[in-house]
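Single-letter residue listing:
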Amino acid sequence: MKVKEAIKKGFVIGKQNMTLIILLFAVNLMMSGIGFLFGLGPTATPRPLEEINFLPVITFVLLAMGIGIFVQGGVLGVVRDFVKWKEKVKLSKFFLSYAKKFFLRLLGLGLLMMGIVLAILLVTGGVSALIVLIVGAEIGGIVSAIFLGLGVLAIVLVMFLLFPAYFILVVEETGVIAAVKKSISFVKKFFGKVLGLLILWLLIYVGISVVIGLIALLLGNVGNIAIQRIVGTILNGAIGSFMMVCITGSWISFYLALNGTNKETTTIIPE
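Residues numbered from 1 in each chain as written. Predicted model: local features only at pLDDT ≥ 70, side-chain atom pairs only at ≥ 80, totals over all residues. Heavy atoms only, no water.

1. What about the overall build of the chain?
Now for step 1: Scanning the chain from N- to C-terminus turns up nine helices and zero strands.
Now for step 2: For the chain, the α and β elements follow one another from N to C terminus as α-α-α-α-α-α-α-α-α.
Now for step 3: Long-range contacts, defined here as pairs at least 24 residues apart, represent 75% of the contacts in the chain between residues at least 6 apart.
Now for step 4: When the accessible surface of the chain is split by element, carbon and sulfur atoms take 75% of a total near 14600 Å². (Helix = DSSP H or I, 4+ residues; strand = E, 2+ residues; numbered from the N terminus. Contact = heavy atoms within 4.5 Å. Areas by Shrake-Rupley, 256 points an atom, 1.4 Å probe, with all protein chains shown as cover.)

2. Details of a nonpolar patch on the surface
Now for step 1: Taken together, Leu130, Leu133, Ile134, Val135, Ile139, Ile142, Val143, Ile146, Leu150 and Leu153 make up a surface patch of nonpolar side chains, about 1000 Å² in accessible area.
Now for step 2: Mapped onto the nonpolar patch, the elements with two or more residues apiece are helix H4 (91-135) and helix H5 (137-162).
Now for step 3: The biggest single contributor to the nonpolar patch is H5, with six residues.
Now for step 4: Relative to the helices and strands, Leu130 is located in helix H4. (Patch = residues over 30% accessible without salt bridge, like charges linked within 9 Å, V, L, I, M, F, W, Y side chains within 5 Å. Salt bridge = Lys/Arg side-chain N within 4 Å of Asp/Glu carboxyl O.)

3. Section: the environment of Gly151
Now for step 1: Relative to the helices and strands, Gly151 is located in helix H5.
Now for step 2: Excluding residues within four positions of it along the chain, Gly151 makes contact with Ile120 and Thr124.

4. With respect to the layout of surface pockets
Over the atoms a probe the size of a water molecule is rolled, and this reveals where empty space is left.
Now for step 1: One number sums up the size of the largest pocket: a volume of about 650 Å³.
Now for step 2: Taken together, 24 residues form the lining of the largest pocket, with Tyr205, Gly240, Met243, Met244 and Ile247 sitting closest to its centre.
Now for step 3: Breaking the lining of the largest pocket down by element, the ones donating at least two residues are helix H2 (18-37), helix H3 (54-85), helix H6 (165-171), helix H8 (191-222) and helix H9 (225-258).
Now for step 4: For the lining of the largest pocket, the element with the most residues is H9, which contributes seven residues.
Now for step 5: A breakdown of the residues in the lining of the largest pocket according to their chemical character gives 18 nonpolar, six polar and no charged. (1 Å grid on protein atoms, 1.4 Å probe; cavity = no way out; pocket = protein on both sides within 12 Å on 5 of 7 lines; lining within 4 Å. Points joined across faces, edges and corners; volume = space filled by probe spheres on them. Nonpolar A, V, L, I, M, F, W, Y, C, P; charged D, E, K, R; others polar.)

5. Quick notes on the side chain of Ser128
Now for step 1: Within the fold, Ser128 resides in helix H4.
Now for step 2: Classification of Ser128 as buried rests on a relative accessible area of 5%.
Now for step 3: Discounting residues that sit within four places of it in the chain, Ser128 has contacts with Ser144, Phe147 and Leu148. (Buried < 20%, exposed > 50% of the residue type's maximum accessible area, 1.4 Å probe, protein only.)

6. Some thoughts on the packing of aromatic side chains
Aromatic ring pairs are reported here in terms of the distance separating the ring centres and the angle at which the planes meet.
Now for step 1: Under the defined criterion, the tally for this structure stands at 11 aromatic pairs.
Now for step 2: Their ring planes at 45° and their centres at 5.3 Å tell us that Phe11 and Trp201 sit as a pair that is tilted. With Phe11 in helix H1 (residues 3-15) and Trp201 in helix H8, this residue pair connects regions lying 190 residues apart in the sequence.
Now for step 3: The exposure class assigned to Trp201 is buried, which follows from its relative accessible area of 3%.
Now for step 4: On the basis of an interplanar angle of 75° and a centroid distance of 5.5 Å, the ring pair of Phe163 and Phe167 is categorised as edge-to-face.
Now for step 5: Three or more aromatic residues joined by ring pairs form one cluster here, namely Phe163, Phe167, Phe186, Phe190, Trp251, Phe254 and Tyr255. (Phe/Tyr/Trp six-rings, centres within 6.5 Å; stacked < 30°, edge-to-face > 60°.)

Below is the structure:
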């Protein structure tokens, strides 16, 4: 499968699963409502750092992360069923089967990736500080900056190698370590295509975000700031929900086609 074909198929899958998109949009609105209750809504007034009560902020962030992982498992499961078997979205499968089934595995994968990133940051930061301490700030600053740059590149490489693991974990129904191994092998085998698909989706998402930002900015010029934030939140929620389904369908189709899995069902989605 070519990269452009995977992008096109992602949008086709998105258009054919509006029920799922509406569900995700409802979840987005719910989270915005919860954020409003925590004083973090779009109409909240920015305050100085020392005046912020971080307990509700941390609570909301943890809650959002948990719900995000739960929803991610449901989306991956039902989109996989649609791509492989043309099965329409069922809320019972979304919430009770897949969201629940894959929650701990997706959480484990996320924690593993976070742990790797933190380990790289600790090692590069510690070594950089040691270099400065030994050879002095003038020379050590240059060497440590180079070392930190290499650390950032290492983090980008790790994220790139492990990103498909989220889709593989659900498509193959594997454990965390098996998904990581398969992801690394898949990326190595199809490095150029994986990189191309990732970059194209990033460009598309950035482009859409810029358009949304411009719309919100124009609304802010003709209305008040609260309206601008509310409209921006709604637009981001709607577009984000649509893009989540498109990107998920694109990557799952891409993986199944290139991995030689279920070839007879990865091309049945009509335009």
